[in-house]
Amino acid sequence: MESKETAINPDFLQPYSPKDNEDALYKKWEESGYFNPDVCVEKGVTAKDAESFSIVLPPPNVTGTLHMGHAAMLAVEDALVRYHRMNGKKTLWIPGTDSAAIATQSKVEGDIYKKDKLTRHDLGREELLKRVADFAEQSKDTIIGQTKAMGSSLDWSRYAYTLDDKRYRAVMEAFVRMYEAGLIYRGERIVNWDPKGQTTISDDEIVYEERKEKFYYLKYGPFTIGTSRPETKFGDKYVVMHPDDARYKDFSHGQQIELEWINGPITATVIKDEAIDMEFGTGVMTITPWHDVTDFEIAGRHNLDKEQVIDERGILLPIAGEFAGQHISKAREAIIEKLRSKGLLEKEEDYTHNVSTAERTGAVIEPQIKAQWFIAVNKAVAFPDGRVMTLKERMRETVEKGEVKIAPDRFNKTYYHWIDNLRDWNISRQIWFGHRVPAWFKEGEVKVQTDSPGEGWEQDPDTLDTWFSSGLWTFSTLGWPEETDDLRTYHPTSVLETGYDILFFWVARMILMSTFLLGEVPFKQVYLHGLVRDGQGRKMSKSLGNIINPLDMIAKYGTDATRLSLLIGAAPGNDVPLSEDKIRGYKNFANKLWNISRFILSNTTDSKDSATVEYSARDQEILAEMKKVTTEVSGDIEGFRLYLAGEKAYHYVWDELAANILEESKPILNGEDVKTKLARQMVLRECLTGSLKILHPFMPFVTEAIWQRLPEEMKDAEMLMIAKWPSK
RNA sequence: GGGCGAUUAGCUCAGUUGGUAGAGCAGCGCUUUUACACAGCGAAGGUCGGGGGUUCAAAUCCCUCAUCGCCCACCA
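Residues numbered from 1 in each chain as written. Chains lettered and ligands numbered in written order. Predicted model: local features only at pLDDT ≥ 70, side-chain atom pairs only at ≥ 80, totals over all residues. Heavy atoms only, no water.

1. Notes on the overall build of chain A
When helices and strands are counted, chain A shows 23 helices and 27 strands. Seen through its principal axes, chain A has C-alpha atoms that stretch 115 × 60 × 55 Å. Residues classed as buried in chain A amount to 56% of the 728 residues present. The contacts in chain A between residues at least 6 apart in sequence include a share of 75% that link residues at least 24 apart. Just so you have it, chain A exposes about 31100 Å², and 48% of that area is on carbon and sulfur atoms. (Helix = DSSP H or I, 4+ residues; strand = E, 2+ residues; numbered from the N terminus. Buried < 20%, exposed > 50% of the residue type's maximum accessible area, 1.4 Å probe, protein only. Contact = heavy atoms within 4.5 Å. Areas by Shrake-Rupley, 256 points an atom, 1.4 Å probe, with all protein chains shown as cover.)

This is the structure in structure tokens:
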């Protein structure tokens, strides 16, 4: 026994230490160049004509730090990538970071204000952009370093940043092409104005919040109107009711009525419109087309005047008379007081309704009419394949026809529902950090082109919605608009793995961009993961104090344990409960594997000659079993059931290989029958390498650490990372 | 108001095409016999949310109710 122990690597005499292995292994992988498929082909690891497998990493915010959600995403994607790489595919996983326009700019603005008490207007556009860019550059290494700590086998030579030159160019090109196709237009429309962020936002960036407010009944000439927003009512000179409402049949469309209103007598005009709900309130309302979407549409149908009442900062304009200059949040009380004193307030009720707020800033949205850039989703245009259809139709079709498959498929319905309700997408933002709209103005003329038309042309100061550039991500990272080899080889990408919470923001927008600009889908498969929650299924949050930091877990239990805990039990589309106990359990497993290896190696040091092996029936059974597990694990990975694949491999190794096979092998290994012993030694070695391989996608470090310590004759590759997946 | 999902052992969840329930963690008892105490062995624990139906057979399919959660929606 003594001699056998010394024959194997002495590291095995100590428990497995993730800390002492992980960084060195990652460095070794990175330096080998095998994260880059070109190197794999060059060195003969991958066949020149091999099928490709590609994933783009959903780019984390440059200024962010790694949280469990990222860790889960990296674990899933890396497992897929490692599996396909070992299966001989030309495998590419592209890293990148996102400038995250609004989020980043407001973070920097906040910091500057805290430190120097300066606003962005004090600094000016150029200076602010410089500071934001510096900040982004500084903090980008943090997230990259953390991504590496997870063991991610990303091809760093292809690293992309949403605001780097190539991506910037792609964005400009996309805008111009869509404009020329008539898909992008500039229009005066009612948009969602965020008074705090001082920018418009898209419909998808709105979050509804339930609020308890007062609902007021006001006397408006012969009518009683209901409103929850008296501060918008100054300009109201149209009173609207349903044409079929019997209560108001004596009033006719277009009829003019003199009445006393907040700031004195006005002339109101009766409008009949079917948008009115006869059941709600009194069935009569006045309209404020400048600050309400429904009202805007009614005004549009009847060609009515529109007047702005509230400015961009939420301050009442001169139309409000004595209330002008007041902020709407303060003015409401005073207005109600005046209405009451004039006898115009009939009653007030408690009222619960949904208020639209901006996702980023939390501010209550104030609809405003503004000239903005939009993408027309209902306009039929010619696609690259020659067909003429709308973006909506094309987007729906990709999923309906299975060009893009979504796992879990129940999200198909969610996707359709979103598309059916989709309205033109407002893509211009009034912030500075981001891709600037490639439109140029001069004396009322507009030119849309990537570079300035020359002297005297002023570029539109607006920037683009961050999701516009994100929508190009699968192909802007591959070199588009140039026709690169990468684009030909790796697009459409194989899988897009991301959280279900950005199905609309991102997944749908990528489908939109790719089908129109390239004439193909951006990816064949969507894999939606859930949110990582705590052990009790609660959301992780600072206030609950239940945040589990992936880097802490990596330091404490190792990356492999952290990865496994995020993979097992994580079915697509379902939230993942995570507790420290769970991670600890998988740390023990890594050590178990280490000890299994130690046992097998120390008991097979004298088994070099394999030429004349005769397997017993049981030996063959064991080998068949190994093969069966491999088949199942492979099937589960390919079917995106990683939670099952990981569990099965785990189960096999612990409960079958360790508990049964090793135990029953002890008498044979210690016995006198040399032939039987040799056969079993070969079988055990086979089980070990097979187990390391099927576990590698899930726990790359410990499996590679063991692989590096195997005798040469057991290995078919210098690194497990590029070893051949066992036959299925 | 519409849609989706969940309800299985103390906790968190598996259970792929229907065949008399499984895992991890926690907990209980025993074991330091060298691969591993970051371990092993053993016992305990569930009328699979309620009700109805289809079937020889249902946690698994259908209907219905209940509770919880999520998403979507321009009722002033």
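Additional details are given in the paragraphs that follow.
2. So, the protein's contact with RNA strand B
Neighbouring residues of RNA strand B: 39 residues in total, closest Asp277, Thr294, Tyr351, Pro577 and Trp654. For RNA strand B, the backbone portion of the atoms within 4 Å of the protein, that is sugar and phosphate, comes to 60%. When contributions to the surface near RNA strand B are tallied by element, the ones reaching two or more residues are α9 (293-302), β13 (345-358), α12 (411-420), α19 (580-602) and α21 (642-670). Counted by class, the surface near RNA strand B contains 15 nonpolar, 13 polar and 11 charged residues. (Near = heavy atom within 4 Å. Nonpolar A, V, L, I, M, F, W, Y, C, P; charged D, E, K, R; others polar.)

3. A word on the sheet that holds strand β22 (residues 458-459)
Think of a sheet as strands paired side by side through backbone hydrogen bonds, with each pair either parallel or antiparallel. Taken in spatial order, the three strands make up an open sheet running β21-β20-β22, and their pairing is antiparallel. Of all the strands in the sheet, the pair left with one neighbour each is β21 (445-448) and β22. Sheet topology note: the strand β20 (residues 439-442)/β21 ladder contains four bridges and is antiparallel. When the bridges of β21 are listed, Lys442 appears paired with Glu445. (Pairing = 2+ DSSP bridges.)

4. Observations concerning helix α4 (residues 68-86)
Compared with the 27 Å implied by 1.5 Å per residue over 19 residues, the 27 Å span of α4 between its first and last C-alpha is a close match. Most of α4 is tucked away, with 18 of its 19 residues classed as buried. Within two residues after α4, Gly88 carries a phi angle of roughly 85°, on the positive side. (Expected span 1.5 Å × (residues − 1).)

5. Some details on the packing of aromatic side chains
Scanning the model with the defined rule gives 30 aromatic pairs in all. With a centroid separation of 5.2 Å and 20° between ring planes, the pair formed by Trp467 and Phe505 is classed as stacked. Remark: Phe505 occurs in helix α16 (residues 503-517) and Trp467 occurs in helix α13 (residues 466-470); sequence separation between them is 38 residues. In this structure Trp467 comes out as buried when scored by relative accessible area, which is 14%. When the ring of Phe475 is compared with that of Trp480, the centres are 5.2 Å apart and the planes differ by 80°; the resulting orientation is edge-to-face. Given a relative accessible area of 0%, Phe475 falls into the buried group. Following the ring pairs from residue to residue traces out a cluster consisting of Phe175, Tyr179, Trp373, Trp425 and Phe468. A cation over a ring is seen here: Arg509 above Trp425, with NZ or CZ 4.0 Å from the ring centre. (Phe/Tyr/Trp six-rings, centres within 6.5 Å; stacked < 30°, edge-to-face > 60°. Lys NZ or Arg CZ within 6 Å of the ring centre and 35° of its normal.)

6. Quick notes on the sheet that holds strand β7 (residues 206-220)
On the basis of which strands lie adjacent, the open sheet formed by three strands has the order β8-β7-β13 and antiparallel pairing. At either end of the open sheet lies a strand with only one pairing partner, and these are β8 (223-227) and β13. Adjacent strand axes in the sheet meet at a mean angle of 20°, parallel and antiparallel pairs treated alike. Alignment of β7 against β8, held across five bridges, turns out to be antiparallel. When the sheet's bridge partners are listed, Tyr220 is paired in β8 with Phe223. (Axes fitted to C-alpha atoms, helices over the stretch in contact; angles between N-to-C directions.)

7. As for the packing of α12 against α16
Two elements in contact, α12 and α16, have axes whose closest approach is 11 Å; the angle formed by their N-to-C orientations is 80°. For the element pair α12 / α16, the angle class is roughly perpendicular. Contacts from Phe411, Thr414, Tyr415 and Trp418 in α12 reach Leu503, Phe504, Ala508, Arg509 and Ile511 in α16. Of the residues belonging to the contact of α12 with α16, the class tally is seven nonpolar, one polar and one charged. (Parallel < 35°, antiparallel > 145°, perpendicular 65-115°, else oblique.)

8. Re the UniProt feature "domain: Aminoacyl-tRNA synthetase class Ia" (unreviewed entry) in chain A
Summarizing the sequence annotation, UniProt attributes the feature "domain: Aminoacyl-tRNA synthetase class Ia" (unreviewed entry) to residues 25-448 and 454-577 in the numbering used throughout. Spanning residues 25-448, this segment combines 33% helix with 27% strand, and its end C-alpha atoms are found 50 Å apart. Structurally, residues 454-577 is divided into 38% helix and 18% strand, and its ends, taken at the C-alpha atoms, are 58 Å apart. (UniProt positions renumbered as here; feature names shortened; annotations may be inferred.)

9. Examining the pattern of salt bridges
Per the stated rule, a full pass over the model turns up 63 salt bridges. With a closest N to O distance of 3.0 Å, Lys233 and Asp236 form a salt bridge. Here Lys233 matches Asp236 in class, with each residue buried. A salt bridge links Arg488 to Asp485; the shortest N-O distance between them is 2.8 Å. Here Asp485 and Arg488 lie together in helix α15 (residues 485-490), a separation of three residues that amounts to about one turn. Overall, the relative accessible area of 54% leaves Arg488 in the exposed class. When its relative accessible area of 54% is taken as the criterion, Asp485 is described as exposed. (Salt bridge = Lys/Arg side-chain N within 4 Å of Asp/Glu carboxyl O.)

10. A few points about the pairing of strand β25 (residues 523-529)
Judged by how many residues are buried, β25 sits mostly within the fold: six of seven residues are covered. In the sheet, strand β17 (residues 405-407) pairs with β25 via three bridges, with the strands oriented parallel. Looking at β25, one finds that Ala407 is bridged to Tyr527. Where strand β24 (residues 493-499) meets β25, six bridges bridge the pair, whose relative direction is parallel. Within the sheet, the bridge partner assigned to Glu497 lies in β25 and is Tyr527.

11. A few points about the side chain of Glu22
Within the secondary structure, Glu22 sits in helix α2 (residues 18-32). No salt bridge forms around the buried Glu22; measuring N to O, its nearest opposite-charge neighbour Arg563 is 8.8 Å away. Not counting the four nearest positions on each side in its chain, Glu22 is found in contact with Tyr16, Ile554, Gly558, Thr559, Asp560 and Phe701. (Lys, Arg positive; Asp, Glu negative; His and termini not counted.)

12. Remarks on the environment of Leu259
Along the polypeptide, Leu259 turns up in strand β10 (residues 256-261). Here Leu259 falls in the buried class, since its relative accessible area comes to 6%. Apart from the residues lying within four places of it in its own chain, the contact partners of Leu259 are Tyr220, Gly221, Gly264, Pro265, Ile266 and Ala268.

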